[in-house]
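Examining the three-dimensional arrangement
Each chain, written out:
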Amino acid sequence: MNVQNQVKAVQNGVNTEALLGARAALADMPAAAQFTWRATCEWVDGTHSRSVVKGFFGLGEEQSHTKSFTVESDHPPQFAAADNGPTPIEIVLSALASCLTGGVAAVAQHRGIQLHAVTAKVEGDMDIAGVLGIDADVRNGFSAVRVSFDIDADATADEIAALVAQSQKRSAVFDIVTNPTNVSVSVA
Amino acid sequence: MKKTTTVIIGAGHSGLAMSRALEARGIDHLVLERGQPGNSWRTERWDSLSLLTPNWMNGLSGRPYAGTDPDGYMTVGAFVRAFDAWDAPVMTGTTVLSVTGSAGNFRVQTDQGLILCDTVVIATGACALPRLPAFADALPGAVRQMTPITYRNPADLPEGGVLVVGASASGLQIARELALAGRRTVLAVGNHLRLPRDYRGADILRWMDRVGVFDLPFDQVDDLERVRRTPSLPLIGTPTRETLDLNALQAIGVEIAGRLAAVNDGKALFSGSLANLCTAADLKLNRLLDTIDTWIARTGANAAPPERHVPTRLPGSPRLSLDLRTEGIRTVIWATGYRPDHRWLHLPVFDRKGRIRHDGGVVADGLCVMGLPYLRSRHSTHIAGAAADAAALADHLNRSLADAA
Ligand SMILES: Cc1cc2nc3c(=O)[nH]c(=O)nc-3n(C[C@H](O)[C@H](O)[C@H](O)COP(=O)(O)OP(=O)(O)OC[C@H]3O[C@@H](n4cnc5c(N)ncnc54)[C@H](O)[C@@H]3O)c2cc1C
């Protein structure tokens, strides 16, 4: 860490010391860095489903959240559904925003930048002619995704832009959204 | 069988700088070279290449540039002539096949016989092999694959379009040359840097040198692993002092796309992260220019007024896939970086990724390596950085020899 970080006591609620320690330790133990994330989703009714996350694998063994979390998903009335939760698409957008926002906080902490407020607005454009099977040339997913950050911090505009750029470079969900991944789906 | 005190493997500028440093310390040595001195420049560079560092940075160790154009850029041919004029104890046409043993007792097996020595310097280059992504294998067989090591000129390529992968110096230069030759050229852009050729009336490298960005020693760097991955200087040396950036390339018709992320079913798939990588490069450039401006203001150095560059221009919606066959792309050039070739080094000195472990170039007692990215400073891969690295490592060897005696 540079000297600047040590003189300025920045409080973004991120334990950079612990994260840097983990990074150093994992660099020498590649096996411990292998994680598997999980969610179990059960159909409730119509397009309403409920996912539960609790356990995951990492650091060489089974791990667990401190409690289990549920994520409900459904569709709004415009899709003739009961609107019991956000659409899966909105969950993806929320995940992207959360990942980038958490990244901004972590990078700011590391760079000794005090944050006061961070808001990320995310929009994803979609031509639903794809999912509805109306037009085979239209893809199902987003044609474009925009994230717009509003950040109040003790930093220059360029420093804030650099935070946001670095957060994207280190973001898992940004990578998940911007790059192809092989997905295999099987039936038990 | 031969005996000497120090064997230097490789007669590029690094090996020759070490030869000079050992000579200055009175250490008996031999330089082993599989080809001729400067072999990489003779056999592994494309035809049109000129150095991207100005002449004042290109003097071989101990022989500063003495010509009349210190700010010009010499051709590879002119640079090779400097090697021809060099006198060092070089055994040419001698390929090292294996190195074993330890300080005081190294065994260097070559195709010309065994050499025993006390210390060894590895100077076989950081750019010996291309670094290819795993999915290179997934390219359709009909597509010709090349690297900057095998590429010579546009006429060498099959008719048709070209996908150049990688936007550091090699990829940018090759994409430029192909577009100027009338080839349809798509450039896949990953993490990259951006630099203007000149700034405030002088070569950008002149400022970077004066400001000291090349000097920060390896043991004072925050995150050495990261700086060792920093791409090469994205520059080109031309008589008109052209700036080679993504805007310049798009102006001559190169299409830019994101990082190549996968090849599936004959289709190249690009990452959607192009905008961020361009923003990051623009921001980094501005930070460098700020540093230079501050330095100029502080020292009162003579300089033209400051300027800022227009942000990198992006296609409205950058391409996410490219069907190589239907789009007529017949060649892919992997300008995805280089790596060293130390396979003949039969010692337990490699990390889990197969990279040689070293502390500022010291691999083990009596064993040094040269020319790797940020070996001792950002200058370590530049011609201009070899003399200082060689001096520091020659001191290590000198101590190792003294301890043994
Ligand atoms: C395309 C390109 C352009 C570059 N342009 C510039 C530039 O403009 N300015 C700049 O400062 N830097 C530039 N560089 C970076 C750097 O200066 C060069 O890579 C330079 O060649 C490195 O010098 P070296 O002595 O470390 O290694 P090399 O020049 O690669 O020398 C290594 C030598 O070792 C020999 N060798 C390898 N294996 C064996 C073996 N087993 N037995 C015996 N001999 C062996 C090789 O034949 C070779 O002669 C450029 C690099 C590349 C790839």
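This text follows the structure it describes.
Source: prediction; values computed, not measured.

Each value, and the rule that gives it
Residues numbered from 1 in each chain as written. Chains lettered and ligands numbered in written order. Predicted model: local features only at pLDDT ≥ 70, side-chain atom pairs only at ≥ 80, totals over all residues. Heavy atoms only, no water. Helix = DSSP H or I, 4+ residues; strand = E, 2+ residues; numbered from the N terminus. Rg over C-alpha atoms; globule rule 2.2 N^0.38 Å. Buried < 20%, exposed > 50% of the residue type's maximum accessible area, 1.4 Å probe, protein only. Areas by Shrake-Rupley, 256 points an atom, 1.4 Å probe, with all protein chains shown as cover. Contact = heavy atoms within 4.5 Å. Buried area = accessible area lost by both parts, 1.4 Å probe. Salt bridge = Lys/Arg side-chain N within 4 Å of Asp/Glu carboxyl O. Nonpolar A, V, L, I, M, F, W, Y, C, P; charged D, E, K, R; others polar. Pairing = 2+ DSSP bridges. Axes fitted to C-alpha atoms, helices over the stretch in contact; angles between N-to-C directions. Near = heavy atom within 4 Å. Polar contact = N/O pair within 3.5 Å; in protein donor to acceptor, adjacent residues only side chain to side chain. Expected span 1.5 Å × (residues − 1).

1. Quick notes on the overall build of chain B
- Scanning chain B from terminus to terminus reveals nine helices and 20 strands.
- Rg of the C-alpha trace for chain B: 22 Å, near the compact-globule value of 22 Å for 405 residues, within the 12% margin.
- Considered along the principal axes of its C-alpha atoms, chain B spans approximately 70 × 60 × 40 Å.
- The buried share of chain B, reckoned over its 405 residues, is 53%.
- Carbon and sulfur atoms form 50% of the exposed surface of chain B, whose accessible area is close to 17400 Å².

2. What to know about the interface of chain B and chain A
- Counting residues at the interface gives 20 residues for chain B and 18 residues for chain A.
- Interface area for chain B against chain A, summed over the two sides, is near 1400 Å², with a carbon-plus-sulfur share of 49%.
- Sorting the residues of chain B by area buried against chain A places N276(B), L283(B) and R352(B) first, and these three jointly supply 34% of that buried surface.
- Between the two partners, chain B and chain A, sit one salt bridge.
- R23(A) is the salt-bridge partner of D223(B), the closest N and O atoms lying 3.0 Å from each other.
- Listing elements by their share of the side of chain B that touches chain A, those giving two or more residues are strand 14 (260-264), strand 15 (267-270) and helix 8 (274-299) of chain B.
- When grouped by side-chain class, the residues that make up the side of chain B that touches chain A number eight nonpolar, six polar and six charged.

3. Brief notes about the sheet that holds strand 3 (residues 61-73) of chain A
Residues and elements named next belong to chain A.
- With respect to topology, three strands assemble into an open sheet ordered 1-2-3, the strand pairing being antiparallel. The strands lining the two open edges of the sheet, one partner per strand, are strand 1 (40-45) and strand 3. Recorded for the sheet is a direction-independent mean angle of 10° between the axes of neighbouring strands.
- Here five bridges tie strand 1 to strand 2 (residues 48-58), and the two strands are oriented antiparallel to one another.

4. Quick word on the site of the ligand
Residue and element names in this part refer to chain B.
- Neighbouring the ligand are 29 residues, the closest being S14, E33, S40, L52 and T53.
- One of the side-chain N or O atoms of S40 is found 2.6 Å from an oxygen atom in the ligand.
- Interatomic distance of 2.7 Å between a backbone N/O atom of L52 and an oxygen atom of the ligand.
- When the ligand sits alone it has 980 Å² of accessible area, and the protein chains cover 93% of it.
- Contributing elements (two or more residues each) for the shell around the ligand: helix 1 (13-24) and helix 2 (39-43).
- Looking at which element gives the most residues to the shell around the ligand, the answer is helix 2, with three residues.
- Here the shell around the ligand is composed, by residue class, of 13 nonpolar, 13 polar and three charged.

5. Observations concerning helix 4 (residues 169-180) of chain B
All names here are of chain B.
- Counted at 1.5 Å a residue, the expected span for helix 4 with its twelve residues is 16 Å, and the 17 Å between its end C-alpha atoms agrees.
- Of all the residues in helix 4, the buried ones are A169, S170, G171, L172, Q173, I174, A175, R176, E177, L178 and A179.
- Packed against the buried residues of helix 4 are strand 9 (161-165), strand 10 (185-188), helix 7 (246-251), strand 17 (329-334) and strand 18 (338-339).
- At the C-terminal side of helix 4, G182 shows a positive phi close to 90°.

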